[in-house]
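Structure at a glance
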Amino acid sequence: MQPQPPSTHRPPAAEGSGPQAPDQSTWRRDLSASLVIFLIAVPLSLGIALATGAPLQAGLVAAAVGGIVAGLLGGAPLQVSGAATGLVVVTAELVGQYGWRATCAITALAGLTQFALGAARVARGALAVSPAIVHGVLAGIGVTIALGQLHVVLGDTPNSSALENLAALPSELSHPHPSALLVGAVTAAVLVVWPRLPGRAGQWLRTVPAPLAAVAAATGVSTGMPVPRVSLPEWRLQALPALPDGPVLGIFAAVLTVTLVASMESLLSAVAVDRLRAERAGMQEGPADLDRELAGQGAANVVSGLLGGLPIAGGAIRGSANVEAGAASRKSTVLHGLWVLLCAGLLTTVLELIPLAALAALVMVVGVKMVSFAHIKHVQRHREFPMYASTLGAVVLFGVLQGVAVGIVVTAFLSLRRLAYTRITMEQDGAAHMVRVSGQLTFLAVPRLSRALAQIPAGAVVIVELGGSFMDHTAYDTLQSWTNAHRARGGWVTLRGRGGRPIAEPVSTHACRPWTPWRNHHCTRPAGPADAPAPGGGQQLLGGVSAFQRNTAPLVRDELARLAREGQCPTQLFLTCADSRLVTSMITSSGPGDLFTVRNVGNLIPPPATDGSCDSVGAAVEYAVEVLKVGSITVCGHSGCGAMQALLDSAVQSATGRGTTGRAGDGTASGGKASGGRTPADPQTPLVRWLRHGRPSLARMQRIGRLGRGEVAMADRPVADALERLALVNVMQQLDHLMAHDCVARRVAEGSLQLHGMYFHVGEAQAYVLDPPSRTFTAVRPEVLDAV
C-alpha cells in the first residue's frame, strides 16, 4: 500500500476545546510575560527620566506609549519599547539647552522622520553601519551614563558633560553622602548577585526581575533615612510641546541625532530579539519586519512627544526578558503598557517611596553593561578595535552625532589603508619557492608582485600564498599570465590561502568534484610538455594523489591525525561489491572513520567452515563485530552486477549445454579468457571457485519462482529483469549467511547489532533499502531527513 499524504481536513473541535485551547494558552503566556516586563520597565523608566533631568512622569509616559503604540504598530512583535537608554545623554543635553517642552517637540519631529524612513523602506540600509561603530556609540553612551549617575549615588548632582563628571569625581569620592551611597551600593549588589542566586530557592527567587528586587531592597534599606525620593506630580496631561528657540541648523542636528540613535538602537534590538524568537517554539508571530518596526517606533515617538514623554526606542534588555518569560505574541508588549498606565494612576504613593539613589544605581549598572567585553572581543577579532575605540572616545568627549562621524571617518581611513597595504616576501623552502602576499592584492601591488615572480627560475616548484581576502582584476590577470607561462616552461605552481588552505587557482580550471571520474578530472592530470603522451595508468593515479595532497589533505589532516591518535571506531560494517562504479563514501555521505568496508566480487559472504580460501570475509566480519563492536551491518548489491550475470549465464549453460557470451560488469564476465588463459568454465579458475558462493542465491531465486511464492519486490516499480531480481535475492541470501556466523547471531539476539539490506541502481543513482518482513526494497527519498 502506498503511503497517503497527510490530510488537510481537520475534524470539528469538541466543545470547550479546539482552537480555543491554543489561544487560551498564548493568552496565559502573554499575561505572565507582560507582568515580568512591567516590573522591569517601571524602575528602569523612572531611572532614565532621572538621568535625563526630565520629569519622572515622562519615563512612565514613554513606557506606556512604547508598549501600546509601538507594540500594536511595530514590526517586531516581541520587542518591548520604552524610554531609550541610548538617548539618555542626548536627551539630557536637549533638556539643558532647549528646555523640556522643546525636547518633547524634538522627540515628535524625530518620530515623524522615523515614520517617513520606515515608509521609504530604508531600515535594512541602517544596519549597513559597521557593528564596531554601533557598539562604540552604545559603549560611549554607557560610559557617560555611568559617570553621571555615579554622582547621584554619591549624593550629588551630575554635571553637563562626561569630562566635568570625571574631573569632579575625586572630590565626590572623598566626601560621599553615606545614606545615598548605602542605597546605591545595595541596589548595585542586588543587581549583580540576583541572577547568580544558587539552589532551588534561588531559582524561585529569580522569577522576580532583578531591577524590581534591587529597587525593592534599596527602598526597604532606606526606610527612615533622609534621602531624596521619587516625586510624581498629579497625573494629568502635560503642557503641549513648544518649538525650540535656537538656530535651525542646531535643531536639525538635534532631530537627526535622536532619529539616528533611536532608530539604530531599535533596529539592532529587533534583530537580537528576533534571533531569540527563532530559537523558541510556540511563537505565533513571524520574523521581524524592520521597515514596519521603524515606522511603528516613529509613531510611538510622535505620541510620546505630544504627551510629554521621553524619546522611545526598542530595548534589548526588555525584549530579551519578554522572550525569556515565554511571550508568544505582541499581546504581552501591549499589556505591559497598560499595566504601566494603571501603575502611574493608582500606585503613585508606592512609587514615591523609591529613593532616587536606587534609580541612579540601576541606570548606572545598565550603563556599565553597555560596555560589553563580548563586543570588544568580537571587534578585536575582526581587526576593528580602532573604529570601536575612536567612536567610544568621541561620544564621551564630544557627543553622539560627533562620535558617529568620527567612527565613519576612521572606518573609511582603515579600509583604504587595508586596501592599499600589501607586503610581498619570497623565500626558499627546500626545493620549493614560497611567495607570500600579505594584505589585499590590487593594481598598486602589481609592480612588486611582478618583480618577485621574475626572480623565480624556470622549472621551479612555486607556492603562492595569498593572505588577503581581495584580489582585483589587474592582479588576477598578472598572476594568471605568469602561472601559465611558468607551467609551460615545466614549472609547478599552486595557490593557497592564509594558513595553507587551498584556493581556486587563477587559471581556466575544470570544476572538479571529489567523485569526478579521472577521464573528466583534468586537475589530476600531471603537468607536462604539450607533446607528452596522454597520462594514464600510474601517471593518472599519481596525478590524483597529487590533487589530494594539494586540495584535500589540508582540509582532512586534523581529522585524520585525531583518528591516528585515537584509533578507528566505526559504527557500520558495509559489505558491497568490488564494482568500480560503486563509490561507497559518495553513496553514504561518509568520511574517514565512519565505515568498515569489505568489498568483493558479488558482495558475497560465505557461510562459516565452507572453505579455507574464504576466511578473508569471515575474518573481516569477526573483527568488525567482536573487536570494533559495530552496531550495524549492511549488505549492498547493485544493478548490472557482472557476478550475478555470470551466475545467470552458468545456469543457462547448465540447462542448455551451450557456451555463454561475456558481459562487462565487475570484471566477472563469464565469457572470454580468465587468468592463466583459462575460461570461467574451468573449475580451477579462482573466479569460478569464488562464484560458487553465489549459487545459493541463484537456487533461492529459482525455488521461489518454482514454488509460486511471492518473489522479492520493489515498492515503487516492478523488478526490471532476472539480473536485477537475482541481485535483490542475493542481498537477502547474504544476510542469511551473516546470521550463520556465531558472533553475528549472538549480538543480533542481544539486540546490540542490526542487519540491513540495500540495493543501489547505478543508472538511476538511487538507493533502495530492504524491509525484511515484506521482502520489499523501498527507494530512499531526500525527504527522509524531514522525518528524522
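The shown structure was predicted, so the numbers you read here are calculated from the model rather than taken from an experiment.

Turning next to the overall build of the chain. Each helix and strand in the chain was counted, giving 30 helices and 13 strands. Across the 788 residues in the chain, those meeting the buried criterion constitute 46%. Across the chain, the fraction of contacts at a sequence separation of at least 24, relative to all contacts at a separation of at least 6, is 73%.

With respect to the helices and strands, arginine 487 occurs in helix 21 (residues 473-488). For arginine 487, a relative accessible area of 28% gives the class partly exposed. Between the alpha carbons of arginine 487 and glycine 459 there is a distance of 7.6 Å; along the sequence they are 28 residues apart. From its side chain, arginine 487 meets the backbone oxygen of valine 493 in a polar contact 2.7 Å long.

We now examine the packing of helix 6 (residues 131-153) against helix 18 (residues 385-397). Look at helix 6 against helix 18: their axes get within 7 Å of each other, and the N-to-C directions meet at 35°. Taken as a pair, helix 6 and helix 18 cross one another with a handedness that is right-handed. For the pair helix 6 and helix 18, contact is made by Ala132, Ile133, His135, Gly136, Val137, Ala139, Gly140, Ile141, Val143 and Thr144 and by Met387, Tyr388, Thr391, Leu392, Val395 and Val396, respectively. In terms of residue class, the contact of helix 6 with helix 18 is built from 11 nonpolar, 5 polar and no charged.

Here we take up the packing of aromatic side chains. A complete count under the given rule lists 3 aromatic pairs for this structure. Ring geometry for tyrosine 759 against tyrosine 768: centres 6.1 Å apart, planes inclined by 45°, an arrangement best described as tilted. For the pair shown, tyrosine 759 and tyrosine 768 are each scored as buried.

One open sheet holds the 7 strands; their spatial order is 8-7-9-11-12-13-10, and the pairing between them is mixed. Looking along the sheet, the strands with just one partner apiece sit at the ends: strand 8 (595-600) and strand 10 (713-714). Bridging between strand 11 (residues 754-761) and strand 12 (residues 766-771) involves 4 bridges; their strand directions are antiparallel. Bridging from a neighbouring strand, histidine 761 pairs with glutamine 766 of strand 12. Across the face of the sheet, helix 28 (residues 722-739) comes into contact with strand 7 (572-577), strand 9 (632-638), strand 10, strand 11, strand 12 and strand 13 (776-779) while running at roughly 160° to strand 11.

Nonpolar side chains in soluble globular proteins generally cluster together in the buried interior. Among the nonpolar cores identified, the biggest contains 74 residues, and Val42, Leu46, Leu60, Ile141, Leu310 and Leu351 are the most heavily contacted of them. Looking at this core, the element that brings in the most residues is helix 2 (residues 56-73), giving 10 residues. Not counting residues within four places of it along the chain, the set of residues in contact with leucine 310 comprises Ile48, Ala49, Thr52, Ala54, Ala58, Gly59, Ala62, Ala83, Thr91, Trp100, Thr107 and Ser304. Counting residues in hydrophobic clusters, the runner-up holds 49 residues, among them Ala624, Ile633, Ala643 and Val731.

Here we come to the pattern of salt bridges. Oppositely charged side chains can form a pair if their charged atoms are brought close together. The final tally for this structure, using the stated rule, is 13 salt bridges. Note that glutamate 626 is salt-bridged to arginine 746, the shortest N-O span being 2.6 Å. Linking glutamate 626 in helix 24 (residues 615-627) with arginine 746 in helix 29 (residues 742-750), this pair joins segments that are 120 residues apart in sequence. The shortest N-O distance in the salt bridge between arginine 717 and glutamate 724 comes to 2.9 Å. A network of salt bridges, in which partner residues are shared, links Glu427, Arg436 and Glu465.

Looking now at the packing of helix 3 (residues 88-98) against helix 4 (residues 100-119). Contact pair helix 3 / helix 4: the axes reach a minimum separation of 7 Å and the direction vectors enclose 130°. Classified by the angle between their axes, helix 3 and helix 4 sit oblique to one another. Handedness of the helix 3/helix 4 crossing: right-handed. Contact with helix 3, carried on its side by Thr91, Leu94, Val95 and Tyr98, involves Trp100, Ala102, Thr103 and Ile106 of helix 4 and no other residues of that element. Per-class residue counts for the contact of helix 3 with helix 4 are 6 nonpolar, 2 polar and no charged.

Listed in full, the buried residues belonging to helix 3 are Val88, Val89, Val90, Thr91, Leu94, Val95 and Tyr98. Among the residues trailing helix 3, glycine 99 stands out with phi positive, at a value near 95°.

Time to look at the sheet that holds strand 4 (residues 432-439). In space, the 4 strands of this open sheet follow the order 3-4-5-6, with mixed pairing throughout. Edge positions in the open sheet fall to strand 3 (422-429) and strand 6 (492-497), since each of these has one partner strand only. Taken over all neighbouring pairs, the strand axes of this sheet differ in orientation by 15° on average, direction set aside. With respect to the sheet, helix 20 (residues 446-454) is in contact with strand 3 and strand 4, its orientation differing from that of strand 3 by roughly 10°.

One non-glycine residue, lysine 629, adopts positive backbone phi at about 55°. With respect to the helices and strands, the residue lysine 629 is situated in the loop between helix 24 and strand 9. One non-glycine residue, arginine 775, lies in the positive phi region at around 55°. Looking at arginine 775, the relative accessible area reads 26%, which means it is partly exposed.

Another point: the confidence of the model for the chain. The predicted model of the chain has a mean per-residue pLDDT of 80, with 83% of residues at 70 or higher. Looking over the chain, one finds the lowest element-wise mean pLDDT in helix 30 (residues 784-787), namely 42, and the highest in strand 9, namely 95. When the criterion is pLDDT under 50, residues 1-22 qualifies, and its contacts beyond four places in sequence or with other chains add up to 4 contacts. Throughout residues 784-788 the model reports pLDDT below 50, and contacts reaching past four residues in sequence, or to other chains, amount to 0 contacts.

Moving on: the side chain of serine 304. Considering the arrangement of structural elements, one finds serine 304 in helix 12 (residues 290-306). Residue class for serine 304 comes out buried when judged on its relative accessible area of 0%. Other than its neighbours up to four places away in sequence, serine 304 contacts Ala62, Val65, Gly309, Leu310 and Ile312.

Together, Leu342, Leu346, Leu347 and Val350 make up an exposed nonpolar region whose accessible area comes to about 390 Å². Looking at where valine 350 falls in the secondary structure, it is placed in helix 15 (residues 348-351).

Glancing now at the environment of glycine 751. Position of glycine 751 among the secondary structure elements: in the loop between helix 29 and strand 11. Separated by 120 residues in sequence, glycine 751 and glycine 631 place their C-alpha atoms 9.3 Å apart.

For the rest of this paragraph, the subject is the side chain of histidine 737. Here histidine 737 shows up in helix 28. Excluding its chain neighbours within four sequence positions, the residues that come into contact with histidine 737 are Ile605, Pro607, His693 and Pro696.

Parameters and conventions
Residues numbered from 1 in each chain as written. Predicted model: local features only at pLDDT ≥ 70, side-chain atom pairs only at ≥ 80, totals over all residues. Heavy atoms only, no water. Helix = DSSP H or I, 4+ residues; strand = E, 2+ residues; numbered from the N terminus. Buried < 20%, exposed > 50% of the residue type's maximum accessible area, 1.4 Å probe, protein only. Contact = heavy atoms within 4.5 Å. Polar contact = N/O pair within 3.5 Å; in protein donor to acceptor, adjacent residues only side chain to side chain. Axes fitted to C-alpha atoms, helices over the stretch in contact; angles between N-to-C directions. Left-handed = near helix turned anticlockwise from the far one by under 90°. Nonpolar A, V, L, I, M, F, W, Y, C, P; charged D, E, K, R; others polar. Phe/Tyr/Trp six-rings, centres within 6.5 Å; stacked < 30°, edge-to-face > 60°. Pairing = 2+ DSSP bridges. Core = buried A, V, L, I, M, F, W, Y, C linked by side-chain atoms within 4.5 Å. Salt bridge = Lys/Arg side-chain N within 4 Å of Asp/Glu carboxyl O. Parallel < 35°, antiparallel > 145°, perpendicular 65-115°, else oblique. pLDDT = per-residue confidence, 0-100. Patch = residues over 30% accessible without salt bridge, like charges linked within 9 Å, V, L, I, M, F, W, Y side chains within 5 Å. Areas by Shrake-Rupley, 256 points an atom, 1.4 Å probe, with all protein chains shown as cover.

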